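Structure at a glance
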Amino acid sequence: MNEKLMARSGGKCELCQKETELVVYTVQPEAYADNEVAVCKTLVGQIEGVKPLNPDAWRFLPDAMWSEVRAVQVLAWRMLNRLKGESWAAEALDILYLDDETLAWAKAVGELVEAGEAVVHKDANGNVLQNGDSVVLTKTLDVKGSNLSAKLGTVVKNIRLVEDNPEQIEGRVEGQLIVILTKYLRKQS
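Structural notes, computed from the coordinates. Note that the structure is a prediction, hence the values are computed from the model and not measured.

Reading the values: rules and limits
- Residues numbered from 1 in each chain as written.
- Predicted model: local features only at pLDDT ≥ 70, side-chain atom pairs only at ≥ 80, totals over all residues.
- Heavy atoms only, no water.
- Helix = DSSP H or I, 4+ residues; strand = E, 2+ residues; numbered from the N terminus.
- Buried < 20%, exposed > 50% of the residue type's maximum accessible area, 1.4 Å probe, protein only.
- Contact = heavy atoms within 4.5 Å.
- Pairing = 2+ DSSP bridges.
- Core = buried A, V, L, I, M, F, W, Y, C linked by side-chain atoms within 4.5 Å.

**Brief notes about the overall build of the protein**
- Counting its regular elements, the protein contains six helices and 10 strands.
- The principal-axis extent of the C-alpha atoms belonging to the protein is close to 55 × 40 × 30 Å.
- Buried residues in the protein amount to 42% of all 189 residues.
- For the protein, contacts bridging at least 24 residues in sequence account for 55% of all contacts bridging at least 6.

**A few points about the pairing of strand E2 (residues 36-40)**
- Taking burial as the measure, the five residues of E2 include four buried ones, the bulk of the element.
- Sheet analysis places strand E1 (residues 22-26) next to E2, joined by five bridges and oriented antiparallel. Considered in E2, the bridge of Tyr25 is made with Val37.

**Some points on the nonpolar core**
- Among the nonpolar cores identified, the biggest contains 38 residues, and Leu15, Val39, Leu43, Ile47, Trp58, Leu61 and Leu80 are the most heavily contacted of them.
- The set of elements that each furnish at least two residues to this core consists of E1, E2, helix H2 (41-48), helix H3 (61-64), helix H4 (70-82), helix H5 (87-95) and helix H6 (100-107).
- It is H4 that contributes the most residues to this core, eight residues altogether.
- What Leu80 contacts, discounting residues up to four positions off in sequence, is Leu61, Met65, Trp88, Ala89, Ala92, Leu93 and Leu96.

This is the structure we're talking about:
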């Protein structure tokens, strides 16, 4: 965790304010400045939709939404929207005010699907992928419409997730932008 983020958070989760194991969570899309938040490691799976959403674990959101940190406000708004079936979350959303730019950021990802869970991209080993990650090909792939062959073991840096398809990412191999199926790659640690 970088020093600036550690100083801002005071070593506590910026959502629930607990002193516990923290991770840096990047609030998407990455085009927005200061998009990193110190979050409890236990909450990340629910934020990313890989673990079931437990409404009682999020009762701190009506306090967190008043943070002066825009990324925390965005994350609080998104989680309150996912929980709006709970009366306390709906009430918090009714009184939450975000300036136009922050609200646009909060709505920018469009990550919710009908089931109310996030669209999650996972590699062949089940690791969650995010924009900007580096991945390694687990199979030699022939690129359609090209004589390019992406070899087994090729590292693809700074990937971009295909928003509406959790089975595809985009990345550059030998300077060419290609679409790669997530089942043929693993996240580089």
